[in-house]
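Commentary on secondary and tertiary structure
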Amino acid sequence: MTKAKLQKKKLVPISPDQQALLRALPAVDSLMALVAKETFIESIPHTVVVNSIRKVVGHRRQQILDNDPAMNEDSVSDARMIEVVKNVVHQAMTPNLKRTINATGIVVHTNLGRSLLAPEVIDNLVTIAGRYSNLEYDLAAGRRGSRYSSVEELICEISGAEAALVVNNNAGAVLLSLETLARDREVIVSRGELVEIGGSFRVPDVMAKSGGILKEVGTTNRTHLRDYENAIGPNTGLLLKVHTSNYNVVGFTAEVSLRELVDLGAAHQLPVMEDLGSGTFIDFSRFGLLKEPTVQESVTAGADVVAFSGDKLLGGPQAGIIVGKKRVIDAIKKNPITRALRIDKLTLAALEGTLRLYRDEEKAARTIPTLRMIMLPLPEIQDRAQGFADRLKRIGGPRMHIRLLESASKTGGGALPLIDLPSLCVGIQIDGLSPNTVEKMMRNNNPPIIGRIEDDLFVMDPRTIQEDEYATIEIAFENRIMKA
Ligand SMILES: *Cc1c(COP(=O)(O)O)cnc(C)c1O
């Protein structure tokens, strides 16, 4: 607060009503003595109780000073204060990170944790979490081993790459690769690929931090091979291609393929790198969806380095995967930054489990939740939407109005950016409650249920609702919303 504001605040006189409320407000000590008799504080750490009481008393005092119209004698009564403390203690004891129901229809929803792990994967993850493991121990040789050998082999097997490396996330993978290959040297990138991904990952900024010198070529909509060629000079270190994950350039466009860049790189003895962004091992066009470039295609095209995420279309844990030529990957492995970006054993367990599922593509599509949701057939979604709507109608009675909306789900995560996945959503309107109120109540449910508002309806997309979550949503409507 500025000094002027502070003074202004002080000058506002406190009314007799406010003074009375301040006198009635229990002190921290007396409230503590009252709360000590309550059963709800059993097994609650003392510091949590004391901090909660301080917070509640402080907040009330401020409300009175601010002349909050909701303040009256009852607000500062012992019973009311104890009730508020109880809520604050309860909140303090609940984990901040909690399971959430994603009814948004955005499959790889970064704010909601991106990918869900397959049940088979979770089993091993839980075991590894609670036990010692051979994380860095070579059981055959009886001595120290490599943390990464378990996944690197699998990644090479699936992608066809000579070598692989895994780090904390794809942003880290890109930073590390650029730092290794292009520090103090020019990196040639098309102007059409200087993208910003959510969460402030911007290609020019990452480039600057890596020490690489950005050399933009071409135009926003069209870049030609000769643009790259003309930009190559004595200080060129790398040719970079970036997947424009979250937007499309349409109309009068031209881009240079990875293969052409690889040929150009070979002619000038320059390495070529691709930031694939999402990265997938599966050719979605085989399943009737629009094509997303695969990791295998980038490897086959001859890229020296390909970087992609573990938790976008791949459907695994957060990780950054780097594949490519052995000589180049070995150089990246030797970079000290690699150690700062290393993944932990839980990620490793989850990643290995997910990668194992990819040995059988059909099985991967069936069992990896991200893939299963993206490929969920429309008739199945329609069935779920209809059943869900019927059950809600019985719960909601005449106050609830339900509409089935032909709508679109999204892949999310900067993959298949402009593709709508056709879906059938359940839209709800309740007499006497605004859609915003319904949305907020659902969001504050335990577990929180996240939907969206469309056409003045609270809308839920069955594509991202897990089968055992419908009952939870229905209970929320029955016990909270319809009683409001
Ligand atoms: C998502 C994305 C990244 C960042 O990946 P994270 O795994 O979120 O760190 C980098 N580049 C592109 C093109 C992306 O789409």
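Residues numbered from 1 in each chain as written. Predicted model: local features only at pLDDT ≥ 70, side-chain atom pairs only at ≥ 80, totals over all residues. Heavy atoms only, no water.

**Here's the deal with the overall build of the protein chain**
Rule in force here: A run of H or I in DSSP counts as a helix once it spans at least four residues, and a run of E counts as a strand once it spans at least two, with each numbered from the N terminus. Only protein chains enter the accessibility calculation, which uses a 1.4 Å probe. A residue is then buried if its area is under 20% of the maximum for its type, exposed if over 50%, and partly exposed in between. Contacts: residue pairs with any heavy atoms within 4.5 Å of one another. To measure how exposed things are, a 1.4 Å probe is used in the Shrake-Rupley method; for residues, cover is taken only from the protein chains shown. Residues scored as positive are Lys and Arg, those scored as negative are Asp and Glu, and His as well as the terminal groups of each chain are ignored. To locate a charge, take NZ of a lysine, CZ of an arginine, CG of an aspartate or CD of a glutamate.
For the protein chain, the helix and strand inventory stands at 20 helices and 18 strands. Here the protein chain holds 484 residues, and the buried ones make up 49% of them. Long-range contacts, defined as pairs at least 24 residues apart, comprise 74% of the intrachain contacts of the protein chain with a sequence gap of at least 6. Summing over all exposed atoms, the protein chain offers an accessible surface of approximately 24500 Å²; the carbon and sulfur share of this is 51%. Across the protein chain, 59 positive and 59 negative side-chain charges occur, with their mean positions spaced 6 Å apart.

**What about the site of the ligand?**
How we decide: Nearness is judged by heavy atoms alone; a residue qualifies as near a molecule or strand once a single heavy atom is within 4 Å of it. For the purposes of these results, a polar contact is taken to be a pair of N or O atoms within 3.5 Å, where, inside protein, one atom must be able to donate a hydrogen and its partner to accept one; residues adjacent in sequence count only when each atom of the pair is a side-chain atom. By the convention adopted, Pro, Cys, Tyr, Trp, Phe, Met, Ile, Leu, Val and Ala count as nonpolar, Lys, Arg, Asp and Glu as charged, and the other residues, Gly among them, as polar.
Every residue lining the ligand is accounted for by Arg 114, Asn 169, Asn 170, Ala 171, Ile 197, Phe 201, His 243, Ser 245, Asp 275, Gly 277, Ser 309 and Lys 312. Arg 114 is positioned such that a nitrogen or oxygen atom in its side chain is 2.9 Å from an oxygen atom of the ligand. Within the complex, 94% of the 380 Å² of free accessible area of the ligand lies under protein. Of the residues contributing to the shell around the ligand, the split by class is 3 nonpolar, 6 polar and 3 charged.

**Some points on the nonpolar core**
Note the threshold: Residue types Ala, Val, Leu, Ile, Met, Phe, Trp, Tyr and Cys, when buried and joined through side-chain atoms within 4.5 Å, form a set referred to as a nonpolar core.
Of all hydrophobic cores here, the largest spans 62 residues; its most connected members are Phe 308, Val 323 and Tyr 358. Here this core takes 6 residues from helix α15 (residues 345-357), the largest share from any one element. Apart from the residues within four sequence positions on either side, Phe 308 is in contact with Asn 170, Leu 276, Gly 277, Ser 278, Gly 279, Phe 281, Val 295, Leu 314, Ala 319, Gly 320, Ile 321 and Val 323.

**Side note on the packing of helix α3 (residues 28-35) against helix α4 (residues 46-65)**
Two quantities define a packed helix pair, namely the angle between the axes and the distance from one axis to the other. Applicable threshold: Axes here refer to lines fitted to C-alpha atoms; in helices the fit is confined to the stretch in contact. Angles between the N-to-C directions go from 0 to 180 degrees. Should an angle fall under 35 degrees it is called roughly parallel, over 145 degrees roughly antiparallel, and 65 to 115 degrees roughly perpendicular, with every other angle called oblique. Each crossing is labelled by how the near helix is turned from the far one, with a counterclockwise turn of less than a right angle marking it left-handed and a clockwise turn marking it right-handed.
Relative to each other, α3 and α4 sit at 130 degrees, their axes nearing to 10 Å. Considered as vectors, α3 and α4 are oriented oblique to each other. The handedness of the crossing between α3 and α4 comes out as right-handed. Listed contacts from α4 to Val 28, Leu 31, Met 32 and Val 35 of α3 are His 46, Val 49, Val 50, Ile 53, Arg 54 and Val 57. Looking at side-chain class alone, the contact of α3 with α4 contains 8 nonpolar, 1 polar and 1 charged residues.

**Focus: the sheet that holds strand β15 (residues 420-430)**
Sheet strands line up and pair through hydrogen bonds in the backbone, either parallel or antiparallel. Defined as follows: Only when DSSP finds a minimum of two bridges between them are two strands counted as paired.
Spatially, 5 strands are ordered β2-β14-β15-β18-β17 in an open sheet, and the strand pairing comes out mixed. Sheet topology places β2 (106-108) and β17 (452-454) at the edges, where each strand pairs with a single neighbour. With strand direction ignored, the average angle separating the axes of adjacent strands in the sheet is 40 degrees. Bridge analysis of strand β14 (residues 400-412) against β15 gives 11 bridges, and the strand direction is antiparallel. Paired with Met 400 across the strands is Ile 430, a residue of β15. Here helix α19 (residues 435-443) sits on the sheet in contact with β15, β17 and β18 (457-460), set at roughly 40 degrees to β18.

**Observations regarding the pattern of salt bridges**
Worth spelling out the cut-off: Put simply, a salt bridge is a Lys or Arg side-chain nitrogen that is within 4 Å of an Asp or Glu carboxyl oxygen.
The tally for this structure, following the rule as stated, stands at 24 salt bridges. For the salt bridge of Glu 136 with Arg 147, the shortest nitrogen-to-oxygen distance reads 2.7 Å. Taken together, the residues span a long stretch of sequence, with Glu 136 in the loop between α6 (119-130) and β3 (137-138) and Arg 147 in the loop between β4 (143-144) and α7 (149-159) at a distance of 11 residues. Note on Glu 136: relative accessible area 23%, which makes it partly exposed. When the shortest N-O distance is used, the salt bridge between Lys 326 and Asp 330 registers 2.7 Å.

**Here's the deal with unusual backbone geometry**
Across the junction of Asn 446 and Pro 447, the peptide omega takes the value 0 degrees, indicating a cis bond. At Ser 43, a position not held by glycine, the phi torsion is positive, near 70 degrees. By relative accessible area, Ser 43 is classed as exposed at 74%. The phi angle at Asn 67 is positive, at roughly 60 degrees, despite the residue not being glycine. Tracing the chain through its elements places Asn 67 in the loop between α4 and α5 (78-93).

**Details of the sheet that holds strand β9 (residues 213-217)**
Pairing is mixed across the open sheet formed by 7 strands, whose spatial order is β5-β13-β12-β11-β10-β6-β9. Among the strands making up the open sheet, the edge pair consists of β5 (163-167) and β9. Sheet twist, expressed as the mean angle between neighbouring strand axes with direction ignored, is 25 degrees. Direction of pairing for strand β6 (residues 186-190) relative to β9: parallel, over a ladder of 5 bridges. Counterpart to Ile 188 in the pairing with β9 is Lys 215. Of the strands in this sheet, β5 and β13 (320-324) touch α7, which is tilted by about 125 degrees from β5. Against the sheet, helix α9 (residues 203-210) contacts β6, β9 and β10 (236-242), and its axis sits at roughly 145 degrees relative to β9.

**Focus: helix α8 (residues 170-182)**
Test applied: Each helix should span, by expectation, one fewer than its residue count multiplied by 1.5 Å.
With 13 residues, α8 extends 17 Å between its outermost C-alpha atoms, agreeing within 8% with the 18 Å of an ideal straight helix rising 1.5 Å per residue. Of all 13 residues in α8, 10 are buried; the element is thus mostly enclosed. What α8 keeps buried is the set Asn 170, Gly 172, Ala 173, Val 174, Leu 176, Ser 177, Leu 178, Glu 179, Leu 181 and Ala 182. Asp 184 occupies a position one or two residues after α8 and carries a positive phi of about 60 degrees.

**Topic: α15**
End to end, α15 covers 19 Å across 13 residues, agreeing with the expected 18 Å (1.5 Å per residue, within 8%). With 10 of its 13 residues buried, α15 lies for the most part within the structure. Those residues of α15 that fall on the buried side of the exposure criterion are Thr 347, Leu 348, Ala 349, Ala 350, Leu 351, Glu 352, Gly 353, Thr 354, Leu 355 and Leu 357. Next to the buried residues of α15 lie α6, α7, β5, β13 and α16 (361-367).

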